[in-house]
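# Structural overview for review
Each chain is listed here by its residues.
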Amino acid sequence: LRKADESPEFREKLRALFFSDPLFAFNGFFYTLDVRRRPRHHRPFTTFPYQDLVILTKVDHIQRGEDLIEEKSRDMGASWTTIGCFVWLWLHPQGGYDFLLGSRKEDYVDKKGDMRTLFEKARYLLARLPWWLMPRGWNARAHDNYMKLVNPETGSSITGESNNPNFGTGGRYKAIF
């Protein structure tokens, strides 16, 4: 990161790698939070081999527009890997990725400062990225709103909704979680 701050050429090479390989993005730039490990609860997102396969499969299915069902148990990183895939694709400079996040209750979709929510996980990932990976023109006050993140460079969005009879209708999304 120090070299990227000093060298625009190196920074652009890292950007190219970040956007070409989701595993490089996860393992090189994303963090996760494990409150059970305080005070060292901010952890680099070092993926396990099964997570590598999950991440690559999710990205592939999203890009191809295919449905995917994931069986999971606790502590497997299903929410984190899905949010990470959404954020990685949302950040892409070419754009075209709109996503919907949902949960059974609105408070589980977005509640600022509450890491149990899906949006706070996305904010957490974004907050720890170097400035040169963020969308050009990014301003958290303008582009990070309640249940909505907007990429000012591409217009891509991540929006949220609670469970309801019309969940996910009325919009076009690349993927819904």
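Above this text is the structure in question.
This text gives an overview of the structure that appears in the document. (Residues numbered from 1 in each chain as written. Predicted model: local features only at pLDDT ≥ 70, side-chain atom pairs only at ≥ 80, totals over all residues. Heavy atoms only, no water.)

This part takes up the pairing of strand β3 (residues 99-103). By the criterion of burial, β3 is predominantly enclosed, with four of the five residues buried. Relative to strand β7 (residues 175-176), β3 runs parallel, the two sharing two bridges. The residue of β7 that forms the bridge with L100 is I176. (Buried < 20%, exposed > 50% of the residue type's maximum accessible area, 1.4 Å probe, protein only. Helix = DSSP H or I, 4+ residues; strand = E, 2+ residues; numbered from the N terminus. Pairing = 2+ DSSP bridges.)

Sheet architecture is open: five strands sit in the order β4-β5-β6-β3-β7, paired in mixed fashion. Looking at the sheet topology across the chains shown, the edges are occupied by β4 (144-145) and β7. Pairing of β4 with strand β5 (residues 148-150) involves two bridges; the strand directions are antiparallel. For D144, the partnering residue across the bridge sits in β5 and is L149. This element, helix α5 (residues 78-91), spans β3, β5, β6 (157-162) and β7 of the sheet and lies at about 155° to β3. (Contact = heavy atoms within 4.5 Å. Axes fitted to C-alpha atoms, helices over the stretch in contact; angles between N-to-C directions.)

With that settled, the discussion passes to the packing of aromatic side chains. For the coordinates displayed, the defined rule picks out twelve aromatic pairs. Ring geometry for F24 and F29: centres 5.8 Å apart, planes at 65°, overall edge-to-face. Look at W80 and Y124: their rings are 5.7 Å apart centre to centre, the planes differ by 75°, and that puts the pair in the edge-to-face class. Linking W80 in helix α5 with Y124 in helix α7 (residues 118-127), this pair joins segments that are 44 residues apart in sequence. For the pair W80 and Y124, one class covers both residues: buried. (Phe/Tyr/Trp six-rings, centres within 6.5 Å; stacked < 30°, edge-to-face > 60°.)

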